[in-house]
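Descriptive analysis of the structure
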Amino acid sequence: MVTVRRQTALVGLLGVASLVAAALLWEVLPTVFFAITIAYVLYPLRQWLFAHGAGGRLAAAICTASAFLAGVLLVLPLFAALYLRRGQLFDSFQRLPETVPLVFGEFSYTIKLGSLFVTAREVSGDVAVGLVQAAPALALKVFIFTLVVYALLLRPQQVRWAILRPVPAAYQDIVIALHERTQSILYAIYVLQAAVSFGTFLIGYAVFFALGYESAFTLAVIGGILQFIPILGPSVLVVVLAAIELLASDITGAITILVLGFVVIGFLPDALIRPRLARLTTGMPGSLYFVGFTGGVLSVGLVGLVAGPVVVALLAEAVSLLTAESATVQKQLN
């Protein structure tokens, strides 16, 4: 009885300490959250390396370096492409007409694109200055991210033991089920979406290059990144490009990019890659995934990209467990 009380007291102490830590470390909490989710995804790789002769430290170091390299490869091409081809992008915008008249019956309105270009230049300059000023804080967050991922992968068994030990044996299967659902949704977000995004980049580059876009590489990179947005995906880029073609009075070009963009860039990567990696998904409907993604972003910002779908997936798993438990109890009563 004393042991149970001490355990309950320690669980309560852990909860209070966690709340205080979250309040004091709020600025780095998203970084820690992303690090935990990445460690979740890299755990099977760590186990595979460990089983094939790599020590715990070496396996954790290889996985952490892989995560860091993957992040660099995801972000660097976009910034490099936008920086190196900034002149071509602005030249493309400058070829558009200064004004675009919109006529609806007797009502007419003129859009002044020139002021939009000036605003775009000012915003891009402010963003660049902001990134330079935030560089020290970003470097510190990258260090914290790397440290947390390495620490979690160094001794993952201790983390599992620390989580399961306070839970009574009769309820540990619930924790394990939630763990498995979390792991599967994280694989769906990171691994599957990364594969589909890379396929979108390759197909998008071929399409944009064939259509004669000077910034084909940049547009393909943007399309690949937009693939992480559920349901909408690279369709946003396709619509923007079609609108630019229409503003330039190129109706044929607008129709061409709409058809090829929606079918080849938007649909083909999903049709080719996603079915082959379906085992990594949770089976959660796309509508629920979109609700989690959108709600997460609107509620907590960037961290909601991952936190939103994870929370929705855990809610779905809890409902499934409750339904199964209710069915078992009903069967026993009958």
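Residues numbered from 1 in each chain as written. Predicted model: local features only at pLDDT ≥ 70, side-chain atom pairs only at ≥ 80, totals over all residues. Heavy atoms only, no water.

Our next topic: the overall build of the chain. Helix and strand content of the chain: 13 helices and 2 strands. Relative to its full complement of 334 residues, the chain shows a buried share of 30%. Partitioning the intrachain contacts of the chain with sequence separation of at least 6 by distance along the chain shows that 69% fall at a separation of at least 24. Working note: accessible area of the chain is about 20800 Å², and carbon and sulfur atoms make up 73% of it. (Helix = DSSP H or I, 4+ residues; strand = E, 2+ residues; numbered from the N terminus. Buried < 20%, exposed > 50% of the residue type's maximum accessible area, 1.4 Å probe, protein only. Contact = heavy atoms within 4.5 Å. Areas by Shrake-Rupley, 256 points an atom, 1.4 Å probe, with all protein chains shown as cover.)

For any two helices packed against each other, the geometry is given by the interaxial angle and the distance between the axes. Across the interface, helix α10 (residues 235-247) lies against helix α11 (residues 251-273) with an axial gap of 7 Å and an inter-helix angle of 170°. Considering their axes alone, α10 and α11 lie roughly antiparallel with respect to each other. Contacts between α10 and α11 pair Ser 235, Val 238, Val 239, Leu 241, Ala 242, Glu 245 and Leu 246 from the former with Ile 251, Gly 253, Ala 254, Ile 257, Leu 258, Gly 261 and Phe 262 from the latter. Tallied by class, residues from the contact of α10 with α11 come to 10 nonpolar, 3 polar and 1 charged. (Axes fitted to C-alpha atoms, helices over the stretch in contact; angles between N-to-C directions. Parallel < 35°, antiparallel > 145°, perpendicular 65-115°, else oblique. Nonpolar A, V, L, I, M, F, W, Y, C, P; charged D, E, K, R; others polar.)

The next point concerns a nonpolar patch on the surface. Taken together, the side chains of Val 239, Leu 246, Ile 251, Ile 255, Val 259, Phe 262 and Val 263 make up a nonpolar region of the molecular surface, amounting to roughly 640 Å² of accessible area. Of all the secondary-structure elements, those providing two or more residues to the nonpolar patch are α10 and α11. The element that contributes the greatest number of residues to the nonpolar patch is α11, accounting for 5 residues. Along the polypeptide, Val 239 turns up in helix α10. (Patch = residues over 30% accessible without salt bridge, like charges linked within 9 Å, V, L, I, M, F, W, Y side chains within 5 Å. Salt bridge = Lys/Arg side-chain N within 4 Å of Asp/Glu carboxyl O.)

To continue, consider the nonpolar core. One finds Ile 185 and Tyr 190 to be the most contacted residues of the largest nonpolar core, which totals 28 residues. Mapped by element, the contributors of at least two residues to this core are α2 (29-51), α3 (56-84), α6 (135-154), α8 (172-210) and α13 (304-333). Looking at this core element by element, the count peaks at 7 residues for α2. Within the second largest apolar cluster, 16 residues are counted, among which are Ala 220, Ala 242, Ala 254 and Ile 265. (Core = buried A, V, L, I, M, F, W, Y, C linked by side-chain atoms within 4.5 Å.)

Contact geometry for α2 and α6: axes closest at 8 Å, N-to-C directions at 40°. When the axis of α2 is compared with that of α6, the two are oblique. In this structure, α2 crosses over α6, and the sense of that crossing is right-handed. The residues of α6 that touch α2, namely those facing Thr 31, Val 32, Phe 34, Ala 35, Ile 36, Ile 38, Ala 39, Leu 42, Tyr 43 and Arg 46, are Lys 141, Ile 144, Phe 145, Val 148, Val 149, Leu 152, Leu 153 and Leu 154. For the contact of α2 with α6, a count of residues per class yields 15 nonpolar, 1 polar and 2 charged. (Left-handed = near helix turned anticlockwise from the far one by under 90°.)

Moving on, we come to the side chain of Ser 197. Within the secondary structure, Ser 197 is located in helix α8. For Ser 197, a relative accessible area of 7% corresponds to the buried category.

Close reading of the predicted structure is inappropriate where its pLDDT is low. Considering every residue of the chain, the mean pLDDT works out to 77; 77% of them sit at 70 or more. Mean pLDDT across the elements of the chain ranges from a minimum in strand β1 (residues 99-104), with 60, to a maximum in α2, with 86. (pLDDT = per-residue confidence, 0-100.)

So, on to the pattern of salt bridges. For the structure on display, the rule yields 1 salt bridge. Residue Arg 181 pairs with Glu 317 through a salt bridge whose shortest N-O separation is 3.1 Å. Of this pair, Arg 181 sits in helix α8 while Glu 317 sits in helix α13; the two residues are 136 residues apart in sequence, bridging distant segments of the chain. An identical accessibility class is assigned to Arg 181 and Glu 317; each is buried.

Here Ile 163 shows up in helix α7 (residues 156-164). In sequence terms Ile 163 and Val 175 are 12 residues apart; their C-alpha atoms lie 8.8 Å from each other.

With that out of the way, let us pick up the environment of Val 306. Position of Val 306 among the secondary structure elements: in helix α13. For Val 306, a relative accessible area of 3% corresponds to the buried category. Along the sequence, Val 306 and Ile 189 sit 117 residues apart, while their C-alpha atoms lie 7.3 Å from each other. Apart from residues lying up to four places away in sequence, Val 306 is in contact with Phe 33, Phe 34, Thr 37, Leu 186, Ile 189 and Tyr 190.

On to the packing of aromatic side chains, then. Tallied over the entire structure, the rule returns 6 aromatic pairs. When the ring of Phe 33 is compared with that of Phe 34, the centres are 6.0 Å apart and the planes differ by 65°; the resulting orientation is edge-to-face. Centroid distance Tyr 205 to Phe 217: 6.4 Å. Interplanar angle 75°. Geometry classified as edge-to-face. Of this pair, Tyr 205 sits in helix α8 while Phe 217 sits in helix α9 (residues 216-226), and the two are 12 residues apart along the sequence. Exposure remark for Phe 217: the relative accessible area of 32% places this residue in the partly exposed category. An aromatic cluster of three or more residues is present, and its members are Phe 198, Phe 201, Tyr 205, Phe 209 and Phe 217. (Phe/Tyr/Trp six-rings, centres within 6.5 Å; stacked < 30°, edge-to-face > 60°.)

Here we take up α9. The buried fraction of α9 is high, at 8 of 11 residues. Looking at α9, one finds that the buried residues are Ala 216, Thr 218, Leu 219, Ala 220, Val 221, Gly 223, Gly 224 and Leu 226.

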